[in-house]
Every structure is written in structure tokens, then in C-alpha cells.
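Working through the structure, step by step
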Amino acid sequence: QDLTRLEKAVDILDAIYRHRKRNPTTKSDEAYYELMLDYNRRLLNARTNGEPIAGWGLMIPNEILHAMDIIPLHLEVGSSMPVSILKSYEETLAAAKSFGLPVELCSAHRTMVGVHRMGWAPRPDFVIWCSTICESCAKSGGLISELWNVPRFFLDRPFLDTKEQIAYFANELGDLIGFLEKQTGKKMDHDRLKEVVAESYKCYQIQGEIQALRCRIPAPVFNKVVVQNILVEWLYGGTPKATYYYKIVRDEMKAMAD
């Protein structure tokens, strides 16, 4: 493990955030960089603070992690964020290629594997991933767990929305909670989980308002904000910080639409 690049990325994010505060553009932009800085800084200091890290794949509800105070190292985004900040694409993709991953594979997953192969991301305590989205998602999480030699859990997420498949997925999530309890030695506080899910639902409602505003012509939002919204959801879904951010975005869009 060599977290030098993560340290540099944190320094750059800190500089960007301070620049935004000194030279304000939009309040949502400032809030976004504040959250990205906070996320990467927490990853960097996780071992010192004794916080467990979960390698966490796409399309898995991270409310469970936040309820158990586990840091979600988002495999596709959180792992690779320093690569985009430091613009070290060639080195990372070359590492994935030398490991045997062909160039035809998704660049996001090749980048992720390259980062973890070189030890640039924090070592996760365990890895959770699922089958939804693409075949790369279904395979790469297991590969990351093998690279670090850590416990892993494959969440079998159904593709449809029937009662039977919802019940099946709920059972899978119950098994996931059991896995996390075993790995952390900490029982799930279900009252705390209810609080996190309630916060997540509040955030979901605000996102609905944002989507409705985006339907206006012309859309009262800058292109990059749409991408930033997705990243905040993946890293902070179910937390008051996400709700705080989306309220700012919604209010800015309302003002722009007016």
C-alpha cells in the first residue's frame, strides 16, 4: 500500500475547495468539493482513526454501511478519484494491461484494478459487490478482494421488480448485514438504520424535485452538476451531508428557472 497519491489528491482537493471559498462561483460547487475533500480525507485517516473500510461496488445501498459507521471505498469512483485528480491515466491503465486486462474492457474497471494492483488505494477490510449493471461489475469486485486477500461478499441483486425478487433481495441484504457484523464484531443498530433510511428517503424526495426541474427547457442546471449529483449519491447516500448538498442544488436550480 502506497497512499502518496491519495495524499496528493487530498492536498489538491483542499486547494480547490479553499479557492472556491475565496472566489465563489456557485454554492453547490463549493459544497461538492467540500464533500469530496471530506470523503478522501476520511479514507486517508481511516487506519489512524480505527474505522473499517469496505470496498463497495455500484448499485448496492450504502445506507447499511453508514448505519454501522463503515467507510464506503467506492470501487469504481472512490478508488479512482486520485487518478483523475492527478491525471495519471496512462500509468494506471498500463498496470491493468500488464496484469492481463484487455483494452476492450470498461476503462472504469481497468482503472480500478490498476489502482488496487499498485496499492494506491487504501486496503479494504472486506469487499462487497454485486451483479447489476455489467459483467465487469460482476467480476472486478472479486478480483479486488483477491488482490488484497480480504474477505468478500457477493450480493446477488435481481434485475426485476417483482414481489418475489424484492423478497429475495431483502433476504440477501439480511445476509450482508450478518457478514458485516461478523467482520466488524459490531451488531447492527436497526433503530440507527431506520434513521439513515429516513434521511435517504428525504434526500430521494429532493432529488425528485431536481429531476422535475431538469425537465424544463432550457434545463436550469450546468452539465457538470448532473455528474456531481451522481457522485454525491454514491458516496454519501443516506447521510445529512447528502441532503444538505441536494437542497443547495435544488434551490439554485429553482432560482435559475425563475
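Predicted model only: the values in this text are computed from it and were never measured. (Residues numbered from 1 in each chain as written. Predicted model: local features only at pLDDT ≥ 70, side-chain atom pairs only at ≥ 80, totals over all residues. Heavy atoms only, no water.)

Observations concerning helix H9 (residues 163–184)
Taking 1.5 Å of rise per residue, 22 residues should cover 32 Å, and H9 covers 32 Å from first to last C-alpha, within 8% of that figure. Turning to H9, its buried residues number three or more, namely Phe-169, Glu-172, Leu-173, Leu-176, Ile-177, Phe-179, Leu-180 and Glu-181. Of the surrounding secondary structure, the elements contacted by the buried residues of H9 are strand E1 (53–56), helix H4 (63–67), strand E3 (126–130), strand E4 (152–155) and helix H10 (190–214). Positive backbone phi, approximately 70 degrees, marks Gly-185, located one or two places after H9. (Helix = DSSP H or I, 4+ residues; strand = E, 2+ residues; numbered from the N terminus. Expected span 1.5 Å × (residues − 1). Buried < 20%, exposed > 50% of the residue type's maximum accessible area, 1.4 Å probe, protein only. Contact = heavy atoms within 4.5 Å.)

Some points on the pairing of E3
When you tally the buried positions in E3, you get five out of five residues, the bulk of the element. Alternating residues of E3 divide into Phe-126, Ile-128 and Cys-130 and Val-127 and Trp-129, and every residue in both groups is buried. Summarising the sheet, E3 and E4 pair through four bridges and their orientation is parallel. Bridge pairing links Val-127 to Arg-152 in E4. Following the chain from E3 across helix H8 (residues 135–148) to the adjacent parallel E4, one finds a crossover that is right-handed. (Pairing = 2+ DSSP bridges. Right-handed = clockwise from strand over helix to strand, strands pointing away.)

What to know about the environment of Ser-136
With respect to the helices and strands, the residue Ser-136 is situated in helix H8. Along the primary structure Ser-136 and Glu-181 are separated by 45 residues, whereas in three dimensions their C-alpha atoms are 28 Å apart. If we skip the residues at most four places from it in the chain, Ser-136 touches Leu-105, Cys-106 and His-109.

What about the environment of Pro-158?
Looking at the element boundaries, Pro-158 is found in the loop between E4 and H9. On a C-alpha basis, the gap between Pro-158 and Ile-12 in space is 40 Å, while along the polypeptide they are 146 residues apart. Other than its neighbours up to four places away in sequence, Pro-158 contacts Gln-165, Tyr-168 and Phe-169.

What about the nonpolar core?
Among the nonpolar cores identified, the biggest contains 35 residues, and Tyr-32, Met-36, Leu-43, Val-232, Tyr-236, Tyr-245 and Tyr-246 are the most heavily contacted of them. Counting only elements with at least two residues in this core, the list comes to helix H1 (4–22), helix H2 (27–44), strand E2 (71–74), H10, helix H11 (223–236) and helix H12 (240–257). Element by element, the count of residues in this core is highest for H2, at eight residues. When residues no more than four places from it in sequence are discounted, the contact partners of Tyr-246 are Cys-203, Ile-206, Gln-207, Ile-210, Asn-229, Ile-230, Val-232 and Glu-233. In this structure, Leu-65, Ala-67, Leu-155 and Ile-177 belong to the second largest nonpolar core, which totals 22 residues. (Core = buried A, V, L, I, M, F, W, Y, C linked by side-chain atoms within 4.5 Å.)

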